[in-house]
Every structure is written in C-alpha cells, then in structure tokens.
Amino acid sequence: MIKLHNQSQTERTAEPVEPRPKEASNTYLLSADSEQTPVLSIVMPTLNEEQGVGECITKAKEALAEMEVYGEIILSDSSSDRTPEIGRAEGAIVVKPDRRGYGYAYEYGIERARGKFIAMADADTTYDFTELPKLFAPVATGEADIVLGSRFAGRIEPGAMPWLHKRIGNPFLTWFLNFFYKAGVSDAHSGFRVFTKRAYDRLNLRSSGMEFASEMVMAAGAMGLKIEEVPITYHPRKGEAKLESFHDGWRHVKFMLTNAPNYLFAVPALGFSALGLMMMFGSLLSFGGDGGTLSTYTAVAGSMLTILGFQTGSLALFSSVALAPIREPRDPVSMYIRANFSLERGTAAGLVLYILGASYLSLELINWPLTRTSAPEPAAAVLLAATAVVLGGQTVFSSFFLSMLRGEQNRLTEPTFLRDRAETPYVSSED
C-alpha cells in the first residue's frame, strides 16, 4: 500500500508550536548513557561532512523539540576530518563502522539504535531535518511502516540536483524499481526516511553499498509493507559530492535485476523459446518460404533461439533456488516446475525428448544412402530433431543440478547454504 501523504492535512491537524530556544531543543536529545529509552533514533552516515553535519544535528534537535519526542542522534562515521568532533560537541552519539560502505554505515548505526522508530538522512544539508515531523507522524500513528520524503513530489532547489540525475537518472531508476517490484513510489532513491524498527528488522537488508536505499523499497514492496510518501524540499549540499553518476546508477540497476530473476531470466526465456519454436515449426510447414534456403535459415535461427530460451529459463530456476532473491519468479512455467519438479520427472522428460530427436536423426541417416539423395530431407525437420536432442540432454543434466540445489538428491550431503534459507543473502553488488 503506497500513497502520497497530504502535507496540508498534516499541518492543519498539528497543534501550533511556539519557537523554542536552543536550550529547550537540547531537552529532548538523549545521550548514550541516558537511562531513558529514546522513542526516535536519527541515524546519519557521515564521511567527511564537517561543513554540514553541525547544521543537520541542530535542525534534528529542533525537530525533536517540536514533536516533544525524546530521541538520539547517531553518526555512523568514517571521516578523516572534524566530523566526529563536531558531532560529539552537538550531543550526537558517534560510532565507527568496522568497514566501508554507504549501506553498511546505516546498518551499523541502526543496529545500535535504541528507538522504536528510526529516521535516516544524509548529513550534508540536502535534507532539512526540520521537515522530520511530517515524516514521523504517519509512522508514529501506525498509518505507515515506512515514510519516504519525496523530492519529486515536493521541491528541488536550483543547484541541488544535477540535471542528469533530475531528468534521467532518478526518474529512470524509480520507474525501473516500480516496474519490477510494484512499489508505486515517486522517489525511490530519496535518502530521507522514517520507519519502525520492527519493519526494518523484517526487511533483513544485506546491501553494503549505495543500493541499500533501493533494497529497502524493493523488499518493502515485495513484503506488502505500508509505504507513504511526503513531499519535501531538496537543498544544495555542503561539502564534496561522493556519488558517481554512472557507476552508482549501474549498481542500482544491476542489483534490481539480479534480485528479480523473473524479469532478468524467465520473461526473456519465454520470449526466446516461443519465437524459436514458431520459426522452427513455421519453417517445417513452409510458412513464409518454399522449403528451400530461406526456410532452412529460419529453422537454424529458430533452433538457436529455442536453445537460448531453455538456457536462460534454467538460470531463472537455479537463481531462485540458490540465491533467495527478493522477487522470486512468478511466471506460470517457473511456478509449475518449482511446484512439481523432481529429479525423476525431470530426467524422464529429458530422456523422452532426447530419444525422440535421436530416433528421427537415426532414421534419416539410415534412409539417406537408401534413397541416394544428396542430403537428409527436409532440413527443418532435421534441425528440429537435433534441437530436441540438445534440449533433452540439457534437461537431464539441469534436473540433476536443480535437484542438488534443492537438496532432494541426497539429504545427507545437503549444502550448507541450503540448510537455512533465512541466512542466505540477497544478491548484492560489491562495496
């Protein structure tokens, strides 16, 4: 369930809040040794953010005071500048991840968060933490499990986002994610979010790099969690930008594809196989040709497409069993095979296909010298039989391999990575 939260309605229902002095804003910020448990934990990954981190922490404290919610601010820091010193001086809790990675920084910080609710955003002033209350409200009232701050539904200030990111990169990646994972969001890669700790634990996120943001929305969409979006303003950043447009964009695309075997493998497989079989049988029946050279070329192309389709479809099955992707294949063929597959059935089907093809080829070889023709005829039929032989052999060997992955062949030698599917990580890109 995804909807755009009505900002004006939130503002109408919220009680007017008098401006608070700095001392009052510090009242609701808890230290690491506080005996009081924070309600909200604000996590910021920092990598040399000394120019903007102080402003972000100040605004975050103002937001806590406005909401009258006790919270903590956690900097998951890997800086070599004054960022951690500034953070501690402003009352933040500074933790140092034991390895690099944008996603890992969040994971490390959130694991140490004590709040029932989590807010996340960058510490480079691109996100205005004084807008935190309108993101927090739907989660606090139980209307949503996750709230995203949508830059595209709100306002992007001049110079805040490069034209390439604004017009092509972010819209394309968001469309890509919505198409594959049915998320229905307008800004899938916004870094300003609020969610419940319970929802975060259910997502079991594993990405250590920039695709952490994509994985959260992908997994939430696949699990059917309630997601809302709130319009926000996106500001120019302070400090050096760390994004690499094409590299990071490709990492997001790669991550989305490798966690959706249905679209990466199964759909192309069905297309290749259907087109290949149509071409082969059409050539056999002389559709679109006279049975001569054109028909033979059509049969060759059809054979290649059919074999390619089979190979690609096998990868969909293998990956869905071995890798536990976020979006498992849901096409009818994959679902039927997963539900009804056994080594014996797969092997039997492969042998039948192999024997039929091999029998026809054998008869053609025997008949050739007897009829004294220059070549076996018709060529399309020979190619069809040869394709059946190849696919039959592949089906037998693929059945054994799939059986090994599923642990059906020998439970005593079951691979470790299949003993506990819950511990199998999603396919993730390198740091």
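Residues numbered from 1 in each chain as written. Predicted model: local features only at pLDDT ≥ 70, side-chain atom pairs only at ≥ 80, totals over all residues. Heavy atoms only, no water.

From N to C terminus, the chain includes 15 helices and 8 strands. Counting across all 431 residues of the chain, residues that qualify as buried make up 49%. Expressed as a percentage of contacts within the chain between residues at least 6 apart in sequence, the contacts between residues at least 24 apart total 78%. With the model as given, the accessible surface of the chain reaches about 21,100 Å², and the carbon-plus-sulfur share is 60%. (Helix = DSSP H or I, 4+ residues; strand = E, 2+ residues; numbered from the N terminus. Buried < 20%, exposed > 50% of the residue type's maximum accessible area, 1.4 Å probe, protein only. Contact = heavy atoms within 4.5 Å. Areas by Shrake-Rupley, 256 points an atom, 1.4 Å probe, with all protein chains shown as cover.)

With that out of the way, let us pick up the pattern of salt bridges. In the structure shown here, the tally under the stated rule is 11 salt bridges. A salt bridge links Glu 55 to Lys 238, with the nearest nitrogen and oxygen atoms 2.7 Å apart. Here Lys 238 lies in the loop between β8 (227-234) and α10 (245-258) and Glu 55 lies in helix α3 (residues 53-67), a separation of 183 residues in the sequence. Each of Glu 55, Lys 59, Asp 128 and Lys 238 takes part in one network of salt bridges that share partners. (Salt bridge = Lys/Arg side-chain N within 4 Å of Asp/Glu carboxyl O.)

So, on to helix α6 (residues 132-140). With 7 of 9 residues buried, α6 is to be regarded as a mostly interior element. Taken together, the buried positions of α6 are Leu 132, Pro 133, Lys 134, Leu 135, Phe 136, Pro 138 and Val 139. Just downstream of α6, Gly 142 is the residue with a positive phi angle, here 85 degrees.

This brings us to the confidence of the model for the chain. Detail in the predicted coordinates should be disregarded across regions flagged by low pLDDT. A residue-level look at the chain finds 81% of positions with pLDDT of 70 or above and a mean pLDDT of 83. Scored below 50 in pLDDT, residues 7-18 makes 5 contacts in the model with residues more than four places away or belonging to other chains. (pLDDT = per-residue confidence, 0-100.)

All chains considered together, the criterion is met by 14 aromatic pairs. With 6.0 Å between their ring centres and 45 degrees between their planes, Tyr 104 and Tyr 108 make a pair best called tilted. Pair noted here: Tyr 104 and Tyr 108 are both in helix α5 (residues 102-111), with a separation of 4 residues, about one helical turn. As far as burial versus exposure is concerned, Tyr 104 and Tyr 108 are alike and both buried. On the basis of an interplanar angle of 15 degrees and a centroid distance of 5.6 Å, the ring pair of Tyr 106 and Phe 212 is categorised as stacked. Of this pair, Tyr 106 sits in helix α5 while Phe 212 sits in helix α9 (residues 212-223), placing them 106 residues apart in sequence. As far as the burial class goes, Tyr 106 and Phe 212 line up, both buried. Among the aromatic side chains, those forming a connected cluster through ring pairs are Tyr 127, Phe 129, Phe 192 and Tyr 234. Between Arg 151 and the ring centre of Tyr 234, over which it is positioned, the NZ or CZ distance is 4.9 Å. (Phe/Tyr/Trp six-rings, centres within 6.5 Å; stacked < 30°, edge-to-face > 60°. Lys NZ or Arg CZ within 6 Å of the ring centre and 35° of its normal.)

This brings us to the packing of helix α11 (residues 261-284) against helix α15 (residues 379-406). In contact at an axis separation of 8 Å, α11 and α15 are set at 145 degrees when each is read in the N-to-C sense. Crossing of α11 over α15 shows left-handed handedness. Contacts between α11 and α15 pair Met 280, Phe 281, Ser 283 and Leu 284 from the former with Ala 380, Ala 381, Leu 383, Leu 384 and Thr 387 from the latter. Within the contact of α11 with α15, the residues separate by chemical class into 7 nonpolar, 2 polar and no charged. (Axes fitted to C-alpha atoms, helices over the stretch in contact; angles between N-to-C directions. Left-handed = near helix turned anticlockwise from the far one by under 90°. Nonpolar A, V, L, I, M, F, W, Y, C, P; charged D, E, K, R; others polar.)

In this structure, Ile 146, Leu 177, Tyr 181, Phe 195, Leu 203, Met 216 and Met 256 are the most contacted members of the largest nonpolar core, which totals 40 residues. Among the secondary structure elements, those contributing two or more residues to this core are β4 (93-95), α5, β5 (117-120), β6 (146-156), α7 (163-181), α8 (197-203), α9 and α10. The element best represented in this core is α9, accounting for 6 residues. If you look at the next biggest cluster of nonpolar residues, it comprises 39 residues, including Ile 42, Ala 60, Val 94 and Ala 121. (Core = buried A, V, L, I, M, F, W, Y, C linked by side-chain atoms within 4.5 Å.)

This paragraph deals with α7. Here α7 spans 26 Å end to end across 19 residues, near enough to the 27 Å set by a 1.5 Å rise per residue. Along α7, the positions that sit buried rather than exposed are His 165, Asn 170, Leu 173, Thr 174, Phe 176, Leu 177, Asn 178, Phe 180 and Tyr 181. (Expected span 1.5 Å × (residues − 1).)

This part is about the pairing of β8. Burial runs high along β8: 8 of the 8 residues are buried. Residues of β8 alternate between two faces, with Ile 227, Glu 229, Pro 231 and Thr 233 on one and Glu 228, Val 230, Ile 232 and Tyr 234 on the opposite face, all of them buried.

Let us now look at the side chain of Asp 187. Residue placement: Asp 187 occurs in the loop between α7 and β7 (193-196). Overall, Asp 187 belongs to the buried group, its relative accessible area being 0%. Among all residues touching Asp 187, those that are not within four sequence positions of it are Leu 148, Gly 149, Ser 150, Arg 151, Phe 152, Thr 174 and Glu 229.

The next point concerns a nonpolar patch on the surface. Among the surface-exposed residues, Trp 163, Leu 164, Ile 168 and Phe 246 lie close enough to one another that they form a single nonpolar patch of about 490 Å² accessible area. Given the relative accessible area of 59%, Trp 163 is considered exposed. (Patch = residues over 30% accessible without salt bridge, like charges linked within 9 Å, V, L, I, M, F, W, Y side chains within 5 Å.)

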